[in-house]
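Letter by letter, the chains look like this.
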Amino acid sequence: MKDMTRRSFIATSSAAAAMMLAACGGSKSSDNSEAPAVEAADGEYTLVEAGKLTCISNLYFPPFESMDEKTGEPVGFDIDMSKSLAEHLGLEANWLASQAFDSLVPTIKAGGTADVAIAGMTITDARKAEVDMSDPYVDSNQSLVTKVGSEETLDSLNAAEKKIAVQAGTTGADWAAENLPDATIVPLDDIISAMNGVLTGSYDGLVTDLPVSSYQIKNSFTELQIIEEIPTGEQYGIAISKDNPGLTAAINQALADMADDGSMAEIQVKWFGAEL
Ligand code: GLN
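Residues numbered from 1 in each chain as written. Predicted model: local features only at pLDDT ≥ 70, side-chain atom pairs only at ≥ 80, totals over all residues. Heavy atoms only, no water.

Lining the immediate environment of the ligand, one finds F61, F101, A119, G120, M121, T122, R127, Q167, T170, T171, D209 and Y236. Between the ligand and G120, the relevant distance is 2.8 Å, taken from a nitrogen atom to a main-chain nitrogen or oxygen of the residue. Isolated, the ligand exposes 290 Å² of accessible area, and the fraction of that covered by the protein chains is 99%. Tallied by class, the residues present in the shell around the ligand amount to five nonpolar, five polar and two charged. (Near = heavy atom within 4 Å. Polar contact = N/O pair within 3.5 Å; in protein donor to acceptor, adjacent residues only side chain to side chain. Areas by Shrake-Rupley, 256 points an atom, 1.4 Å probe, with all protein chains shown as cover. Nonpolar A, V, L, I, M, F, W, Y, C, P; charged D, E, K, R; others polar.)

Printed below as a string of structure tokens:
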């Protein structure tokens, strides 16, 4: 966080004030890594790059985020939401390269790389101890998935010789550890590898968020099936550094505005065919 003064600027409603503040921040900052972080006043926030909402995610979690095979650009519900969010803040969304899901919270906490992690990320107490989480924007549950034709059940999968793939550091991984305590849980980098592994027989099942398994089974992994829908009652939020409370407030306001002006509903219909 210490070097944020060099890379961040202060967002304000007035360009002139922003310039003055940026100049002021510039005079305070130097290569001295001991320089104090810029204190943002009410309604102000810092950004790692001026004019941009810099976003990180794990881009293997469709339909929330994935990489368009043709363009290599990130696409998905969270990407569209970030664009609208940025627009409501007078910014432009800028997505960095995909990173491991379990590195997202530490990256936001460390500061300096990205302003937000938007990753279908469940709001949990453990995460809230590390970073701020925005107000919720999507409800979610878990699901247990096997290959079509498999006779496995929740009970039969709870055995040492059964391999259950999960995405490392996720609430699905936590659920599997708790509810399939005798199974062999295999943490993977992403859920697409888990789905491929269940298809090829490397794993007997996988646990992941229900909106993701439903979407994938409908659109690409038609030979997988959901054998349990698990009502965990999760809610997704955006992760923001605790050093940037002005940004959390601004994002919560923008989310509320998006609910009011219909932009959130439009994105829900685009990706899920209906308002959620
Ligand atoms: N919602 C789950 C979690 O927060 C999974 C998120 C993901 O894999 N991108 O842990």
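After that view, the rundown keeps rolling.
Checked against the element boundaries, D132 lands in strand β9 (residues 132-133). Classification of D132 as buried rests on a relative accessible area of 19%. Sequence-wise, D132 and I238 are 106 residues apart; in three dimensions their C-alpha atoms are separated by 8.1 Å. With near-sequence residues (within four places) excluded, D132 lies in contact with I238, A239, I240, S241, K242, P245 and T248. At a separation of 3.4 Å, a polar atom in the side chain of D132 contacts the side chain of T248. (Helix = DSSP H or I, 4+ residues; strand = E, 2+ residues; numbered from the N terminus. Buried < 20%, exposed > 50% of the residue type's maximum accessible area, 1.4 Å probe, protein only. Contact = heavy atoms within 4.5 Å.)

Further remarks concern the nonpolar core. Within the largest apolar cluster, 46 residues are counted, with the highest numbers of intra-cluster contacts made by M81, Y137 and I238. Sequence-distant contacts of M81, defined by excluding residues within four places in its chain, comprise I118, Y137, I238, L255, M258, M264 and I267. Residues I56, I108, A119 and M121 belong to the second largest nonpolar core, which totals twelve residues. (Core = buried A, V, L, I, M, F, W, Y, C linked by side-chain atoms within 4.5 Å.)

A few words now on the sheet that holds strand β15 (residues 239-240). Strand order across the open sheet formed by five strands is β7-β3-β8-β15-β9, with mixed pairing between neighbours. Two strands close off the open sheet at either side, each with one partner strand: β7 (92-95) and β9. Where strand β8 (residues 116-117) and β15 come together, two bridges link them in antiparallel fashion. Each bridged residue has a counterpart across the sheet, and for A117 the counterpart in β15 is A239. In this fold helix α3 (residues 77-88) packs onto β3 (52-56) and β7, with an angle of close to 145° to the strand it touches most, β7. (Pairing = 2+ DSSP bridges. Axes fitted to C-alpha atoms, helices over the stretch in contact; angles between N-to-C directions.)

This next bit is on the packing of helix α8 (residues 191-200) against helix α9 (residues 210-219). At a closest axis distance of 12 Å, the pairing of α8 and α9 adopts a crossing angle of 55°. Relative to α9, α8 is oriented oblique. Both α8 and α9 take part in a crossing whose hand is right-handed. Taking contact as the criterion, the partners of I191, I192 and M195 in α8 are, on α9, V212, S213 and Q216. Its residues assigned to classes, the contact of α8 with α9 comprises four nonpolar, two polar and no charged. (Parallel < 35°, antiparallel > 145°, perpendicular 65-115°, else oblique. Left-handed = near helix turned anticlockwise from the far one by under 90°.)

A few words on α8. Of the residues making up α8, those classed as buried are I191, I192, A194, M195, G197 and V198. Capping the start of α8 is the job of one residue whose side-chain oxygen sits 3.0 Å from the backbone nitrogen of I192: D190.

A few words now on the sheet that holds strand β13 (residues 205-209). Taken in spatial order, the five strands make up an open sheet running β12-β11-β13-β10-β14, and their pairing is mixed. Sheet topology places β12 (184-188) and β14 (224-236) at the edges, where each strand pairs with a single neighbour. Within the sheet, the average angular offset between the axes of one strand and its neighbour, ignoring direction, is 25°. Here strand β11 (residues 163-167) pairs with β13 via two bridges, running parallel. Counterpart to A165 in the pairing with β13 is L206. Along the sheet, α8 makes contact with β10 (138-147), β11, β12, β13 and β14, crossing β13 at roughly 150°.

Moving on: the pairing of β12. On any regular strand, side chains alternate: one points to one face of the sheet, the next to the other face. The pairing of β11 with β12 spans five bridges and is classified as parallel. Counted as the bridge partner of V166 is P187 from β12.

Scanning the model with the defined rule gives five salt bridges in all. A salt bridge links E49 to K52; its shortest N-O distance comes to 3.3 Å. The partner of K270 in a salt bridge is D80, and the shortest N-O contact between them spans 2.8 Å. In this pair, K270 sits in helix α11 (residues 263-272) while D80 sits in helix α3, placing the two residues 190 residues apart along the sequence. By relative accessible area, K270 is classed as exposed at 55%. By relative accessible area, D80 is classed as buried at 15%. (Salt bridge = Lys/Arg side-chain N within 4 Å of Asp/Glu carboxyl O.)

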